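Listed below are the residues making up each chain.
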Amino acid sequence: MTGAASLGNEPRILVVEDEFNVAGALREGLEAEGYRVCLAHTGEDGFFQASNQPFELMILDRMLPGRDGLEILAALRRAGFLTPVLVLTARDGVEDRVAGLDAGADDYLVKPFAFAELLARVRALVRRSRGDQLLRLTAGDLVIEVAGRTVTRGGEPVDLTTREYELFEYLVRHKGTLVSREMLARDVWGETERCTPLDNVIDVHIARLRKKIDTGETRLIHTVRGVGFIVREGE
Ligand code: CA
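What counts and what doesn't
- Residues numbered from 1 in each chain as written.
- Predicted model: local features only at pLDDT ≥ 70, side-chain atom pairs only at ≥ 80, totals over all residues.
- Heavy atoms only, no water.
- Donors = N, O, S within 2.8 Å, 3.2 Å for Na, K, Ca; no water.
- Helix = DSSP H or I, 4+ residues; strand = E, 2+ residues; numbered from the N terminus.
- Buried < 20%, exposed > 50% of the residue type's maximum accessible area, 1.4 Å probe, protein only.
- Salt bridge = Lys/Arg side-chain N within 4 Å of Asp/Glu carboxyl O.
- Polar contact = N/O pair within 3.5 Å; in protein donor to acceptor, adjacent residues only side chain to side chain.
- Contact = heavy atoms within 4.5 Å.
- pLDDT = per-residue confidence, 0-100.
- Domains from an automatic or database assignment.
- Nonpolar A, V, L, I, M, F, W, Y, C, P; charged D, E, K, R; others polar.
- Pairing = 2+ DSSP bridges.
- Axes fitted to C-alpha atoms, helices over the stretch in contact; angles between N-to-C directions.

Taken together, D18 (OD), E19 (OE), D61 (OD) and M63 (O) make up the full set of protein donors to the calcium ion, lying 2.1 to 3.2 Å away. For the calcium ion, all donor residues lie on one chain, and their spacing in sequence is D-E-x41-D-x1-M. A residue pair is termed long-range when its members are at least 10 positions apart, and E19 in the loop between β1 (12-16) and α1 (20-32) and M63 in the loop between β3 (57-61) and α3 (69-78) qualify at 44 residues. By relative accessible area, M63 is classed as partly exposed at 43%.

Listed below in structure tokens is the structure:
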């Protein structure tokens, strides 16, 4: 069944959480951000829904009655379930993180968490879920061919290092929205320790990108002072 009456393009999220108040709060908050949310209060129901409906993201509580969230996840992955999964957990140890990743989690959030942080993770994972299908990205006269990882501007090839390419592709995928240095540290550098100061490294890479990409009159990469960067066309 699909919600024919809705606009139909909202990202769909399956929330598997046995605590009704937490599940309800998640649904309310996510729906306010424009997501469509389905709830499952047991691992078995979560497994069933995940196996029978398409979702862009699954948010999975680890501590569930009956089968543990990670058991459910491992079983889904063995069955070929490719949807990104964000695991919620009350535990925060190295072994727990490794167990989560081994079971097939894409990201991990420790309870209690700030809703804004959950949203940031959700946005990144949903984008990945959708963006993997986008093979060509554009910004003005700039074109990225994702499969070949090539960049051209005005038809001229732009030679980027691997890291520069990853950074730039990320910025262009977020075209028109502000990207913080924290997002770049996490999603491009894979740095999960939020206190690690990567700002200088990021700024150096941005400066190099600018020299290679923004050589003409029309700049694409803009700095939002104290916050981060935004790719905009036509300025
Ligand atoms: Ca629980």
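This part covers the pattern of salt bridges. Counted according to the given criterion, the structure contains 18 salt bridges. Salt-bridge contacts for D106 lead to R77; the nearest nitrogen and oxygen are separated by 2.9 Å. In this pair, D106 sits in the loop between α4 (94-103) and β5 (107-110) while R77 sits in helix α3, placing the two residues 29 residues apart along the sequence. By relative accessible area, which is 28% here, D106 ends up partly exposed. Note that R128 is salt-bridged to D106, the shortest N-O span being 2.9 Å. Placement of the pair is R128 in helix α5 (residues 115-131) and D106 in the loop between α4 and β5, with a sequence separation of 22 residues. Its relative accessible area of 39% is what places R128 among the partly exposed residues. Residues participating in the shared-partner salt-bridge network are E17, E19, D61 and K111.

Attention now moves to the side chain of D214. You can see D214 is positioned in the loop between α8 (199-213) and β11 (221-224). Among the polar contacts made by the side chain of D214, one reaches the side chain of R153 at a distance of 3.1 Å. Excluding residues that lie within four positions of it along the chain, D214 makes contacts with R153, L209, R219, L220 and I221.

On to the confidence of the model for the protein. When pLDDT is averaged across the protein, the result is 87; 91% of the residues are at 70 or more. Throughout residues 1-7 the model reports pLDDT below 50, and contacts reaching past four residues in sequence, or to other chains, amount to two contacts.

Glancing now at the domain arrangement of the protein. Under the domain assignment used here, the protein contains domain 1 (12-130) and domain 2 (134-231). Distance from the C-alpha centre of domain 1 to the C-alpha centre of domain 2: 29 Å. Each side of the interface is counted separately: domain 1 has six residues, and domain 2 has seven residues. Here domain 1 and domain 2 share one residue pair in polar contact (both at pLDDT 80 or more) between them. Split into classes, the residues belonging to the side of domain 1 that touches domain 2 amount to two nonpolar, no polar and four charged.

Sheet architecture is open: five strands sit in the order β2-β1-β3-β4-β5, paired in parallel fashion. Each edge of the sheet is formed by a strand with only one pairing partner; in this case those strands are β2 (36-40) and β5. Between one strand axis and the next, the sheet turns by 20° as a mean value, whatever way the strands run. Bridge count between β3 and strand β4 (residues 85-89): four bridges; the pairing is parallel. Following the sheet pairing, L60 is matched in β4 by V87. Across the sheet, helix α2 (residues 43-52) is in contact with β1, β2 and β3; its angle to β2 comes to roughly 135°.

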